[in-house]
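Letter by letter, the chains look like this.
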Amino acid sequence: AEARSMESLEKQLICPICLEMFSKPVVILPCQHNLCRKCANDVFQASNPLWQSRGSSAVPSGGRFRCPSCRHEVVLDRHGVYGLQRNLLVENIIDIYKQESARPLHAKAEQHLMCEEHEDERINIYCLRCEAPTCSLCKVFGAHKDCEVAPLPAVYQRQKSELSDGIAMLVAGNDRIQAIITQMEEICHTIEENGRRQKQHLGLRFDALYGILEERKKELLQSIAAEQEAKLQRVRGLIRQYGDHLEASSKLVESAIQAMEEPQMALYLQLPVSLPCRITDMSKASMSSRPEPGYENMDHFSINVDYVAEMLRTIEFQTGA
């Protein structure tokens, strides 16, 4: 039974490349299968013949190869197989296995512990109640006479088999845990990539809103500028009209004053007889054209963006497709 247990354990420790027991260091592939580092390196070098060696002065680039057990593609970074994680648990199990295998079977059979209470008696039975090995005299006359016992080899083989099964379960459990870790690392990478993509998409949508606001702002500013220019042209035209009238009136006043200062009647009467009429006409000229009250007001261009601002504040992610 012990031989079968050791043989079963040994099958779990065989490298699929060299078909020998794993040689340290043992590396774990992303697919959770194990390889000797040397074998992994051989497969990697065969798949990547141009890959720079680890001792090369050039900066090595990454490469890839397929797992010999499941054909899963293994992608390596610039460190090659030296970037793979070591499986220290498998290495420790190999050490224990080799230590047990190195013990000769006849030596194991010759080792007999003697009972402390009965020095001439070998320990050959196992007390199931006290969970301790003992001798036959202890069962007949000693402390274990009322206990249930079993042959020592049977208990030994059963416990060794249970331990071997436990080791195999632990190794399988660790492989599952490593697979879960790898899966969660991939989930983290996917989360980061999805977050980056959604941030970019959100930025583009808001940039589009900014563009709409800038375009509308430009249109409204153009409306204000157009009316401003129209009103300025009208008022400036009136200013020129009134200025021309003022200039003509000032010249007429100047002519009239010069006429009034002429002391000689004959010369005075030689002045144009139309001067008084011109003065009368000038004084009666209508200058009623002027901007209506409030013409300069531009308040009608006011806008209320409170409802738009409130609507923008309610922008939220969609909860459904």
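Residues numbered from 1 in each chain as written. Predicted model: local features only at pLDDT ≥ 70, side-chain atom pairs only at ≥ 80, totals over all residues. Heavy atoms only, no water.

**Student:** Please give an account of the overall build of the protein chain that cites residues and values.
**Tutor:** Scanning the protein chain from terminus to terminus reveals nine helices and eight strands. Evaluated residue by residue, the protein chain yields a buried proportion of 21% over its 321 residues. Contacts in the protein chain between residues far apart in sequence, at least 24 positions, make up 51% of those at least 6 positions apart. Looking at the protein chain as shown, the accessible area adds up to about 23800 Å², and 56% of this sits on carbon and sulfur atoms. (Helix = DSSP H or I, 4+ residues; strand = E, 2+ residues; numbered from the N terminus. Buried < 20%, exposed > 50% of the residue type's maximum accessible area, 1.4 Å probe, protein only. Contact = heavy atoms within 4.5 Å. Areas by Shrake-Rupley, 256 points an atom, 1.4 Å probe, with all protein chains shown as cover.)

**Student:** Any chance you could break down the nonpolar core for me, citing the residues and the numbers?
**Tutor:** Formed by 26 residues in total, the largest nonpolar core has its most connected members in Leu-13, Phe-22, Leu-29, Phe-65, Leu-76 and Ile-94. At the level of secondary structure, the elements contributing two or more residues to this core comprise strand E1 (26-28), strand E2 (34-36), helix H2 (37-47), strand E4 (73-76) and helix H3 (88-102). In this view, Leu-13 contacts Glu-20, Met-21, Phe-22, Val-90, Ile-93, Ile-94 and Tyr-97; residues no more than four positions away in its chain are not counted. (Core = buried A, V, L, I, M, F, W, Y, C linked by side-chain atoms within 4.5 Å.)

**Student:** Kindly report on the sheet that holds strand E5 (residues 85-86), identifying the contributing residues and their values.
**Tutor:** With antiparallel pairing, three strands are arranged side by side in an open sheet as E2-E1-E5. Of all the strands in the sheet, the pair left with one neighbour each is E2 and E5. As judged from the two bridges shared by E1 and E5, these two strands associate in the antiparallel manner. The partner of Ile-28 across the bridge, within E5, is Gln-85. Its contacts with the sheet place H2 against E1, E2 and E5, and it is angled at close to 90° to E2. (Pairing = 2+ DSSP bridges. Axes fitted to C-alpha atoms, helices over the stretch in contact; angles between N-to-C directions.)

**Student:** Run through the sheet that holds strand E6 (residues 125-127), naming residues and quoting values.
**Tutor:** Taken in spatial order, the three strands of this open sheet run E7-E6-E8, and their pairing is antiparallel. Every interior strand has two partners, whereas the edge strands, strand E7 (132-134) and strand E8 (149-151), have only one. Across this sheet, the average inter-strand angle for adjacent strands is 35°, counted without regard to direction. In this structure, E6 lies alongside E8, joined through three bridges in antiparallel fashion. Within E8, the residue paired with Tyr-126 across the bridge is Ala-150. Relative to E8, helix H6 (residues 152-260) is tilted by about 80°, and along the sheet it contacts E6, E7 and E8.

**Student:** Residues and numbers for the confidence of the model for the protein chain, please.
**Tutor:** For the protein chain, mean pLDDT is 81; residues scoring 70 or higher make up 87% of the total. Here residues 54-60 is a poorly scored stretch, pLDDT under 50, and it has five contacts once near neighbours within four places are set aside; other chains count. In the predicted structure, residues 106-110 sits below a pLDDT of 50 and forms three contacts with residues beyond four places in sequence or in another chain. (pLDDT = per-residue confidence, 0-100.)

**Student:** Which residues make up the pairing of E4, and what are the values?
**Tutor:** Burial of the side chains of E4 is restricted to one face: Val-74 and Leu-76 are buried, whereas none of Glu-73 and Val-75 on the reverse face is. As defined by bridge partners, strand E3 (residues 63-66) adjoins E4 across four bridges and the pair is classed as antiparallel. Across the sheet, the residue bridging to Arg-64 is Val-75, located in E4. Between E3 and E4, which pair antiparallel in sequence order, lie six residues; one of them, Arg-71, sits at a positive phi of approximately 65°.

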